[in-house]
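# Secondary and tertiary structure notes
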Amino acid sequence: MRVLITGGAGFIGSHLAEACLERGDEVYIIDDLSTGSLDNIRALQNDDRFKNRLFVHIDTILNHNMMLELTGICDIVFHMAAAVGVRYILDNPLKSIKINVEGTEKVLSLCAKFRKKVLIASSSEVYGKHLHAPLVETDNIIYGPTSKFRWSYAASKLMDEFTALAYYRNRGLQVMIARLFNTVGPRQTGAYGMVIPRFVDQALKNKPLTVYGDGTQTRTFTYVKDVVRALTGLMDANDTAGEVFNVGGTEEITILDLARKIIRETGSASACELIPYEKAFAADFEDMQRRVPSIDKIRKAIGFEPKTGLDAILRHVINYHMSVTG
Ligand code: UDP
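This structure is a prediction, so every number in the text was calculated from the model and none was measured. (Residues numbered from 1 in each chain as written. Predicted model: local features only at pLDDT ≥ 70, side-chain atom pairs only at ≥ 80, totals over all residues. Heavy atoms only, no water.)

## A word on the environment of leucine 310
- The residue leucine 310 is located in helix α12 (residues 310-325) in this model.
- Under the relative-accessibility criterion, leucine 310 is labelled buried at 6%.
- Apart from the residues within four sequence positions on either side, leucine 310 is in contact with Ile196, Phe221, Glu251, Ile253, Leu258 and Lys261. (Helix = DSSP H or I, 4+ residues; strand = E, 2+ residues; numbered from the N terminus. Buried < 20%, exposed > 50% of the residue type's maximum accessible area, 1.4 Å probe, protein only. Contact = heavy atoms within 4.5 Å.)

## Quick notes on the side chain of threonine 308
- Inspection of the secondary structure puts threonine 308 in the loop between α11 (296-302) and α12.
- Given the relative accessible area of 18%, threonine 308 is considered buried.
- Not counting residues within four places of it along the chain, the set of residues in contact with threonine 308 comprises Tyr223, Asp226, Ile313 and His316.

## Topic: the site of the ligand
- Around the ligand sit 18 residues, and of these Arg198, Thr210, Arg219, Asp287 and Arg291 come closest.
- The separation between a nitrogen atom of the ligand and a polar main-chain atom of threonine 210 is 2.6 Å.
- Here the ligand, which alone exposes 520 Å², has 93% of that area covered by the protein.
- Secondary-structure elements contributing two or more residues to the shell around the ligand are α7 (195-204) and β8 (209-212).
- Looking at the shell around the ligand, its residues break down into eight nonpolar, four polar and six charged. (Near = heavy atom within 4 Å. Polar contact = N/O pair within 3.5 Å; in protein donor to acceptor, adjacent residues only side chain to side chain. Areas by Shrake-Rupley, 256 points an atom, 1.4 Å probe, with all protein chains shown as cover. Nonpolar A, V, L, I, M, F, W, Y, C, P; charged D, E, K, R; others polar.)

## Thoughts on helix α1 (residues 11-22)
- Given a rise of 1.5 Å per residue, twelve residues ought to cover 16 Å, and the 17 Å separating the end C-alpha atoms of α1 matches this to within 8%.
- For α1, the tally of buried residues reaches nine of twelve residues, placing the bulk of the element in the interior.
- Where α1 ends, the next residue or the one after it, glycine 24, has phi of about 100°, a positive value. (Expected span 1.5 Å × (residues − 1).)

## Let's talk about helix α9 (residues 255-266)
- The terminal C-alpha atoms of α9 lie 16 Å apart, and with twelve residues this matches the ideal 16 Å at 1.5 Å per residue to within 8%.
- Among all positions in α9, only Ile255, Leu256, Leu258, Ala259, Lys261, Ile262, Ile263 and Thr266 are buried.
- Against the buried residues of α9 lie α7, β8, β9 (218-219), β12 (253-254), β13 (272-275) and α12.
- Directly beyond the C-terminal end of α9, a positive phi value near 65° is found at glycine 267.

## Some details on the pattern of salt bridges
- What the rule picks out here adds up to 24 salt bridges.
- Residue lysine 297 is joined to glutamate 243 by a salt bridge in which the shortest nitrogen-to-oxygen separation is 2.6 Å. Of this pair, lysine 297 sits in helix α11 while glutamate 243 is found in strand β11 (residues 243-247), placing the two residues 54 residues apart along the sequence.
- What makes lysine 297 partly exposed here is its relative accessible area of 27%.
- For glutamate 243, a relative accessible area of 32% translates into the label partly exposed.
- The partner of glutamate 252 in a salt bridge is arginine 290, and the shortest N-O contact between them spans 2.8 Å. Of the two residues, glutamate 252 is situated in the loop between β11 and β12 and arginine 290 in the loop between α10 (277-280) and α11; the sequence distance between them amounts to 38 residues.
- According to the relative accessible area criterion, glutamate 252 is partly exposed, its value standing at 34%.
- Connected through salt bridges with shared partners, the residues Glu125, Arg150, Arg219, Asp287 and Arg291 form a single ionic network. (Salt bridge = Lys/Arg side-chain N within 4 Å of Asp/Glu carboxyl O.)

## Overview of the UniProt feature "domain: NAD(P)-binding" (unreviewed entry) in the protein chain
- In the numbering adopted here, UniProt assigns the feature "domain: NAD(P)-binding" (unreviewed entry) to residues 4-316.
- Strand forms 17% of residues 4-316 and helix 41%; the C-alpha atoms that close the span are 28 Å apart. (UniProt positions renumbered as here; feature names shortened; annotations may be inferred.)

## Some points on the sheet that holds β11
- A sheet is described by the order of its strands in space; here seven strands give the open sequence β3-β2-β1-β4-β5-β6-β11, paired in parallel fashion. Two strands in the sheet have a free side with no partner beyond their single neighbour: β3 (54-58) and β11. Sheet twist, expressed as the average angle between the axes of neighbouring strands with direction ignored, equals 20°. (Pairing = 2+ DSSP bridges. Axes fitted to C-alpha atoms, helices over the stretch in contact; angles between N-to-C directions.)

## Re the confidence of the model for the protein chain
- Across the protein chain, the average pLDDT comes to 96, with 100% of residues at or above 70.
- Both scores are available for the predicted complex, with the pTM at 0.97 and the ipTM at 0.98. (pLDDT = per-residue confidence, 0-100.)

## Some details on the environment of aspartate 226
- The topology assignment puts aspartate 226 in helix α8 (residues 224-236).
- For aspartate 226, a relative accessible area of 3% puts it in the buried group.
- In this structure, the C-alpha to C-alpha distance between aspartate 226 and lysine 307, residues 81 residues apart in sequence, is 6.6 Å.
- Polar contacts involving the side chain of aspartate 226 include one to the main-chain amide nitrogen of lysine 307, which spans 3.0 Å.

And the structure:
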């Protein structure tokens, strides 16, 4: 199988590339390194087992000719390239919208042209500020004002979903949509806001853990290798096209409890520091108070179950951070 992974040098994309190489696929990566990094795939490039099976193109998915060639060559496409991280999105709203909307349209149109099966990575952000749990695929989607720019990301991802579904309806494109909830694991950077790599890094340096707001907001976390299993499972199944699936974990935890847990697990001397949102971000920042997925749909479709609980996830991430900082 020849697999094209857009955003393959990103955090999730690089783990997906690894899984595809491990199962014997030929992997083509296109990544503009805006938030991804060659460091993420260095070990794959240096692995003799993957020699002549990994091809890396440093380019944007907006480059039509390059995408035309790669989509033509490959059998299936995982479209993982996107702007990531609340911090990055708030700093680069125009770039984020462009890559999500124009980039995804390009991927979808080329997959339709060449009749290639494609999986689109969407985001739990599309559920907006709803407070109930669990969030189900049939629930109402975003609500939030245009004055709060965070929601531009959700709106662009939602446009991706509708565009994908329109290609399915009008052009018969075989496309699956994965709504990814908070995903964590080795190689994730805290540079764009992601809470677990940030807290682990702070704890290992005995610096205060920067808990935003009052820390009562909750999340669930999924280990990246579980997410990769979900993505390949959705791709390999015969009856998942034209459907949206939540991909996430089910263990809900408040951010304050998460911070305390990380302090305990690392044996850190750090304390938690509550930082008001308006100090952490701009005055117009808006958080999601609660975000818990229902994973019944993907469970029924492909038998997906996250295998790695939060304690094990934290151990993996802590070990990774200790190994890279020496
Ligand atoms: N968060 C925090 N301190 C940090 C980074 C994040 O308290 O240094 C909080 C953030 O406000 C949110 C949660 O942790 O409530 C998850 O944030 P992240 O950016 O990882 O992902 P999100 O779920 O917001 O997309």
